[in-house]
Amino acid sequence: MTTYVGRFAPTPSGPLHPGSLTAAVISWLDARSQDGRWHLRIDDIDRPRAVAGASDAILRALDCFGLSWDGPVVRQSQRGQAYEEAARQLLSCGHAFDCGCSRKDVVTAGQPGWEGPVYPGTCRNGLPAGRKARALRLRAVQRHWTLVDRCLGPLGFDLHWLGGDFVIRRADGFFAYQLATVVDDIDLGVTDVVRGIDLLGSVPRQMQLYQSLGRSAPRYLHHPVVIAGNRLKLAKSSGATPIHCRDAGAFLARVLTAIGVPGIEADFAASGARAAGELLEHARSHWHSRFLPTGPIPEAFLRQGDQPAPGRLK
């Protein structure tokens, strides 16, 4: 019986780049090293951001790097009914409420928080006179949340200063990332969420959703991300260069070295270019999350094959 179920959930706003491939490799290794399942989900819930042909390009890139997945590819754009059912459940149980506030209203009336204004609770007890429902918000019932992250260790969160009651269905009718992700992970039976540290702020919101839906939250592992020369996270929006299938083995070897897989440098240097599948099998049998670097991974290490600076690995 499989006890580990993981997933990789790229947004099809463009092809895979070195940062997203690194995230995929870490997620894949964590699942396969524990004989677990690894699912692929295309997070295209935000349809205006989706780029035509990007999801197919992502699938081809994962395939040429040997990152095979289990089961059919899940696409959020096809799961509206599941999100609608979850929203109705939350609303009927009092865990969610209609909100008539615009973004400007929240900015004007809310206190400054860590990731933007804190929702002031304007519609928590019913829509004020003259306002119509725009969005659907989840009640932030529990303020303080704790967990032991598998990479970062013990963590604590204050959901109030992260924004308080948060949107789960937007004013434009699209379901928000937080709700879609939790519903998808529940339906896939995900036990371990492995993703970049840039998504750490989503943890208490998603744990509140799990609690409100009467489900247990998965284990979490938030890993370092790849950064560009300006020290910002490497992303499609910042002009990250797409990866190519040519020399997949050489590029994969650099990724595996950067995330701390032992034996890759010497083994790769001794034997020259190797197939991606062979490198992944070596990495799978040697993988442990404690080898992950303690800080961000400069893109130059992946592009040029430089060695991580001493002391970066745990």
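Residues numbered from 1 in each chain as written. Predicted model: local features only at pLDDT ≥ 70, side-chain atom pairs only at ≥ 80, totals over all residues. Heavy atoms only, no water.

Colleague: Describe the state of the cysteines, and please don't skip the residues or the numbers.
Modeller: As enumerated under the stated definition, the model contains one disulfide in all. Bridging cysteine 64 to cysteine 245, the disulfide has an S-S length of 2.2 Å. On the sign convention where negative is left-handed, the bridge of cysteine 64 and cysteine 245, at about -95° about the S-S bond, is left-handed. Linking cysteine 64 in helix H2 (residues 54-64) with cysteine 245 in the loop between strand S11 (226-227) and helix H7 (248-258), this pair joins segments that are 181 residues apart in sequence. (Disulfide = S-S within 2.5 Å. Helix = DSSP H or I, 4+ residues; strand = E, 2+ residues; numbered from the N terminus.)

Colleague: Which residues make up the sheet that holds strand S3 (residues 74-75), and what are the values?
Modeller: The strands making up a sheet are joined through hydrogen bonds of the backbone, oriented either antiparallel or parallel. With respect to topology, three strands assemble into an open sheet ordered S1-S2-S3, the strand pairing being parallel. Two strands bound the open sheet, and with one partner strand each, they are strand S1 (5-8) and S3. Summarising the sheet, S1 and strand S2 (residues 37-42) pair through four bridges and their orientation is parallel. Bridge assignment links phenylalanine 8 to a residue of S2, and that residue is leucine 40. With respect to the sheet, helix H1 (residues 18-32) is in contact with S1 and S2, its orientation differing from that of S2 by roughly 150°. (Pairing = 2+ DSSP bridges. Contact = heavy atoms within 4.5 Å. Axes fitted to C-alpha atoms, helices over the stretch in contact; angles between N-to-C directions.)

Colleague: Tell me about the sheet that holds strand S4 (residues 96-99), residues and numbers included.
Modeller: An order of S4-S5-S8 is seen for the three strands of this open sheet, with the pairing classed as antiparallel. Each edge of the open sheet carries a strand with a single partner, namely S4 and strand S8 (166-169). The sheet shows a mean angle of 45° between the axes of neighbouring strands, taken without regard to direction. Looking at chain direction, S4 and strand S5 (residues 135-138) are connected through four bridges and run antiparallel. Bridge assignment links cysteine 99 to a residue of S5, and that residue is alanine 135.

Colleague: Quick rundown of helix H6 (residues 202-212)? Include the residues and the values.
Modeller: Counting buried positions along H6 yields ten of eleven residues, so the element is predominantly enclosed. Listed as buried for H6 are Ser202, Val203, Pro204, Arg205, Gln206, Met207, Gln208, Leu209, Tyr210 and Ser212. The first or second residue beyond H6 is glycine 214, which carries a positive phi of 75°. (Buried < 20%, exposed > 50% of the residue type's maximum accessible area, 1.4 Å probe, protein only.)

Colleague: Provide a residue-level description of the confidence of the model for the chain, including the pertinent values.
Modeller: Averaged over every residue, the pLDDT of the chain is 90; residues scoring 70 or more account for 91%. Under a pLDDT of 50 for its full length, residues 305-314 has, in the predicted model, 28 contacts with residues more than four places off or in other chains. (pLDDT = per-residue confidence, 0-100.)

Colleague: Break down the packing of helix H5 (residues 177-188) against H6 for me, with residues and values.
Modeller: Helix packing geometry: the angle between the two helix axes and the distance between the axes. For the pair H5 and H6, interaxial distance at closest approach is 10 Å and the crossing angle is 60°. By the angle between their axes, H5 is oblique relative to H6. Crossing geometry of H5 relative to H6 is assigned as right-handed. Along its contact with H5, which presents Tyr177, Gln178, Leu179, Thr181, Val182, Asp185 and Ile186, the element H6 presents Ser202, Arg205, Gln206, Leu209 and Tyr210. Taken together, the residues of the contact of H5 with H6 sort by class into six nonpolar, four polar and two charged. (Parallel < 35°, antiparallel > 145°, perpendicular 65-115°, else oblique. Left-handed = near helix turned anticlockwise from the far one by under 90°. Nonpolar A, V, L, I, M, F, W, Y, C, P; charged D, E, K, R; others polar.)

Colleague: Give me the packing of aromatic side chains: which residues, what numbers.
Modeller: Throughout the structure, instances matching the rule amount to four aromatic pairs. Plain terms: the ring middles of phenylalanine 65 and phenylalanine 251 are 6.2 Å apart, the flat faces sit at 75° to each other, and that makes the pair edge-to-face. A residue pair is termed long-range when its members are at least 10 positions apart, and phenylalanine 65 in the loop between H2 and S3 and phenylalanine 251 in helix H7 qualify at 186 residues. We note that phenylalanine 65, like phenylalanine 251, is buried. One Lys or Arg, arginine 137, reaches over the ring of tyrosine 119 and ends 4.0 Å from the middle of that ring. (Phe/Tyr/Trp six-rings, centres within 6.5 Å; stacked < 30°, edge-to-face > 60°. Lys NZ or Arg CZ within 6 Å of the ring centre and 35° of its normal.)

Colleague: Pulling in residues and values, what's your account of the nonpolar core?
Modeller: Grouped together as the largest cluster of nonpolar side chains are 47 residues, with contacts concentrated most on Val25, Leu29, Leu67, Leu256 and Ile259. Elements with a contribution of two residues or more to this core: H1, S2, H2, H7, helix H9 (276-286) and helix H10 (299-304). Apart from the residues lying within four places of it in its own chain, the contact partners of leucine 29 are Leu256, Ile259, Val261, Leu280, Ala283, Arg284 and Trp287. Among the nonpolar cores identified, the runner-up in size contains 35 residues, and Val5, Ile45, Ala82 and Tyr83 belong to it. (Core = buried A, V, L, I, M, F, W, Y, C linked by side-chain atoms within 4.5 Å.)

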